[in-house]
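Understanding the architecture of this molecule
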Amino acid sequence: MRLRELAASRVRFGYRRLTVLLRREGWAVNAERIYRLCKEDGLTVRTKGAPEDCAAPARSLTGQKVAKALSQVIAERGAPAAITVDNGTEFASTAMDVWSYQYRVQLGFIRPGRPVENGYIESFNGRLRDECLNVHVLLTLADVREKLERWRQDYNQVRPHSALGDYPPQQFKQYWRS
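A brief report on the enclosed structure follows. (Residues numbered from 1 in each chain as written. Predicted model: local features only at pLDDT ≥ 70, side-chain atom pairs only at ≥ 80, totals over all residues. Heavy atoms only, no water.)

Okay, the nonpolar core next. Counting residues in hydrophobic clusters, the biggest one holds 10 residues: Leu 3, Leu 6, Ala 7, Phe 13, Leu 18, Leu 21, Leu 22, Val 29, Ile 34 and Cys 38. Listing elements by their share of this core, those giving two or more residues are α1 (2-9), α2 (15-24) and α3 (31-41). The residues touching Leu 3, leaving out its near neighbours within four places in the chain, are Leu 18, Leu 22, Ile 34, Leu 37, Cys 38 and Leu 43. Core analysis: the next-biggest nonpolar cluster, separate from the first, contains nine residues, Ala 67, Val 85, Met 96 and Leu 107 among them. (Core = buried A, V, L, I, M, F, W, Y, C linked by side-chain atoms within 4.5 Å. Buried < 20%, exposed > 50% of the residue type's maximum accessible area, 1.4 Å probe, protein only. Helix = DSSP H or I, 4+ residues; strand = E, 2+ residues; numbered from the N terminus. Contact = heavy atoms within 4.5 Å.)

Throughout the structure, instances matching the rule amount to 11 salt bridges. A salt bridge links Glu 5 to Arg 2; the nearest nitrogen and oxygen atoms lie 3.0 Å apart. Highlighted residues: Glu 5 and Arg 2, both in helix α1, separated by three residues, approximately one helical turn. In this structure, Glu 40 engages Arg 36 in a salt bridge whose closest nitrogen and oxygen atoms are separated by 3.3 Å. Of this pair, Glu 40 and Arg 36 both sit in helix α3, separated by four residues, roughly a single helical turn. (Salt bridge = Lys/Arg side-chain N within 4 Å of Asp/Glu carboxyl O.)

This is the structure in structure tokens:
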């Protein structure tokens, strides 16, 4: 019953992530059993064709808006030495040149038509689309912002990340510091 509840609330989670969530709740289960139960109950994740990419929660995305958003991130977390971006007009703008000079952040551009050169962000974008944007009906810009913020909080504080030993980033960060 709990597996069905989790699968209903996390419709894009496969059996491995559902197993992690159940174990966190104290259930003594293994991935093979959860796989079998998911298959029997028809709880498998269905893959869809790739939808068109979605931008930040705004009606348009300019270099100035990107620079402002990145400045807010830097205020919270500090500046990186470099970031890798695609060749979109919002990144190849004067505003981003000024921003990168001001914060001493090197902008590295991928070659046109080569998204695999920035595979990490492409993977993240796919998860954002799959687990948030494709699951919700987005009514207004305010609604989009609210749902994206809820997903971001969940992504950083609850969602298991296999690359981090199935810890969420916030918990992994605390573990790493100790």
